[in-house]
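In case you want the letters, here they are:
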Amino acid sequence: MFNMILFGPPGAGKGTQSRFISAHYGYVHLSTGQVLRDTIARDGASGQLIKKFIDRGYLVPDDIVLRELLRESLEHADAPGLIFDGFPRTVHQAEILDEMLTRKGMPLKLVVSLEVEKDELYRRIMGRSVDSGRSDDREEVIKQRFLTYETETLPLKSFYRQEGRLVEVSGMAPKQVVFERIRKHIDARLEPMGRESSSYGIRE
Ligand code: AP5
Ligand code: MG
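Just so you know, these numbers come straight off a predicted model, no measurement behind them.

Student: Looking at this structure, I do not really get the overall build of the protein chain. What am I missing?
Tutor: Along the backbone of the protein chain there are 10 helices and five strands. Computed over its C-alpha atoms, the radius of gyration of the protein chain comes to 17 Å, within 12% of the 17 Å expected for a compact globule of 204 residues. Out of the 204 residues belonging to the protein chain, those deemed buried represent 45%. Restricting to contacts in the protein chain with at least 6 residues of sequence separation, those with at least 24 account for 75%. The averaged location of the 31 negative side-chain charges in the protein chain is 2 Å from the averaged location of its 31 positive side-chain charges.

Structure, rendered in structure tokens:
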């Protein structure tokens, strides 16, 4: 199983590139943001609590995120690969993920950090806000999302860099060009058999 993380600030293109990767390699895209928004849409008590954090641009507490993510990932136990988009977001979450994947004997193969300039991030999110329907795509919330990213999530980069699993990819290019850049890093890490199984869904 090929497990990878797409890491980067709000608007960097994590969701966009996850969809490209998923379409090309058949890996399952796990977006914690989307999983949490789906829970909000179901309109239960848990969703209302989650909404309070998201609408302020704060991180949702770990116990909730882990419960939601675990529920979602269990459904994809036999996928050829998993793409974690927006998870982990703290060093604590990274340690939990490592522990979980190591226990299952399917360690993390790659962490891609998407590098995009801040002005461009704003432009992209404001562009998307027109029809995203996302309650956190508002200027004051976006500012807090960046702040949360800088204080809580950015330290993760040195965590993964120290372990030699991080590659930095410039996201300042058309979507397809960014995908080609990521693809090179994935292909370089695939076993010949893995390449076949991930492209055609054939598993031993
Ligand atoms: P989440 O949903 O993960 O949001 P985010 O990290 O703020 O990132 P976005 O989804 O806004 O951006 P993206 O990088 O996916 O970019 P996209 O591809 O959409 O999290 C939302 C909230 O949930 C968090 O604030 C937090 O409260 C909570 N949460 C989530 N995970 C959590 C966790 N693990 N722990 C605790 N709380 C958690 O692209 C953006 C736009 O740009 C699109 O319009 C796209 O079409 C465009 N675009 C993309 N690439 C390009 C390109 N190359 N050129 C031009 N335009 C591009
Ligand atoms: Mg996203």
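Student: Help me out: how do you make sense of the environment of Glu117 in this one?
Tutor: Residue position: Glu117 is located in the loop between β4 (108–115) and α6 (118–129). When the C-alpha atoms of Glu117 and Ser170 are compared, they prove to be 9.5 Å apart, with 53 residues separating the residues in sequence.

Student: How should the site of ligand 1 be read in this particular structure?
Tutor: As a structural note, the neighbourhood of ligand 1 is formed by 30 residues, with Thr16, Thr32, Tyr58, Arg89 and Ala173 the closest of them. Note that an oxygen atom of ligand 1 is positioned 2.6 Å from one of the backbone N or O atoms of Tyr58. In isolation ligand 1 exposes 1000 Å². Once the protein is present, 89% of that is buried. In terms of residue count, the dominant contributor to the shell around ligand 1 is helix α2 (residues 32–41) (four residues). Of the residues assigned to the shell around ligand 1, the class counts are 12 nonpolar, nine polar and nine charged.

Student: Sorry, what's going on with the pattern of salt bridges here?
Tutor: Oppositely charged side chains may form a pair once their charged atoms are brought near each other. A complete count under the given rule lists 19 salt bridges for this structure. For Arg123, the salt bridge goes to Glu120, with nearest N and O atoms at 3.1 Å. Here the residue Arg123 and the residue Glu120 both occupy positions in helix α6, the gap between them amounting to three residues, near one helical turn. A residue is classified by how much of its surface remains accessible, and Glu120, at 19% relative accessible area, is buried. The shortest N-O distance in the salt bridge between Arg138 and Glu140 comes to 2.8 Å. The class for Arg138 is partly exposed, based on a relative accessible area of 38%. Judged by its relative accessible area of 53%, Glu140 falls in the exposed class.

Student: Just to check I follow, could you spell out unusual backbone geometry for this structure?
Tutor: As a rule of thumb, non-glycine residues mostly have phi less than zero, and peptide bonds are mostly trans rather than cis. The omega torsion across Phe87 and Pro88 is -5°, close enough to zero to call that bond cis. With respect to the secondary-structure elements, Pro88 resides in the loop between β3 (81–85) and α5 (91–103). Of note in this structure, Asp43 is not a glycine but carries a positive phi near 65°. Its place among the elements puts Asp43 in the loop between α2 and α3 (45–54). On the accessibility criterion, Asp43 (56% relative accessible area) is exposed.

Student: Got a minute to help me understand the pairing of β3 in this structure?
Tutor: Every other side chain in a regular strand lies on the same face of the sheet, so the side chains alternate between the two faces. Burial analysis of β3 places five of its five residues in the buried class, the great majority of the element. Neither face of β3 is open: one carries Gly81, Ile83 and Asp85, the other Leu82 and Phe84, and all of them are buried. As paired strands, strand β1 (residues 2–7) and β3 are joined by five bridges and run parallel to one another. By the bridge assignment, Leu6 is partnered in β3 with Asp85. Sheet topology note: the strand β2 (residues 28–31)/β3 ladder contains four bridges and is parallel. Bridge assignment links Leu30 to a residue of β3, and that residue is Phe84.

Student: How should the nonpolar core be read in this particular structure?
Tutor: With 27 residues, the main nonpolar core has Ile5, Leu36, Val60, Phe84, Leu97, Val111 and Tyr160 as its most contacted residues. Put simply, the parts of the chain that give this core at least two residues each are β1, β2, α3, α4 (62–74), β3, α5, β4 and α8 (155–162). In terms of residue count, α5 provides more of this core than any other element does, four residues in total. Sequence-distant contacts of Val111, that is, excluding residues within four places in its chain, are made with Ile5, Phe7, Tyr160, Arg165, Leu166 and Val167. Counting residues in each nonpolar core, the second largest holds 24 residues, with Tyr25, Leu110, Ile142 and Val167 among its members.

Reading the values: rules and limits
- Residues numbered from 1 in each chain as written.
- Chains lettered and ligands numbered in written order.
- Predicted model: local features only at pLDDT ≥ 70, side-chain atom pairs only at ≥ 80, totals over all residues.
- Heavy atoms only, no water.
- Helix = DSSP H or I, 4+ residues; strand = E, 2+ residues; numbered from the N terminus.
- Rg over C-alpha atoms; globule rule 2.2 N^0.38 Å.
- Buried < 20%, exposed > 50% of the residue type's maximum accessible area, 1.4 Å probe, protein only.
- Contact = heavy atoms within 4.5 Å.
- Lys, Arg positive; Asp, Glu negative; His and termini not counted.
- Charge placed at Lys NZ, Arg CZ, Asp CG, Glu CD.
- Near = heavy atom within 4 Å.
- Polar contact = N/O pair within 3.5 Å; in protein donor to acceptor, adjacent residues only side chain to side chain.
- Areas by Shrake-Rupley, 256 points an atom, 1.4 Å probe, with all protein chains shown as cover.
- Nonpolar A, V, L, I, M, F, W, Y, C, P; charged D, E, K, R; others polar.
- Salt bridge = Lys/Arg side-chain N within 4 Å of Asp/Glu carboxyl O.
- Pairing = 2+ DSSP bridges.
- Core = buried A, V, L, I, M, F, W, Y, C linked by side-chain atoms within 4.5 Å.

Geometry only, nothing functional implied.
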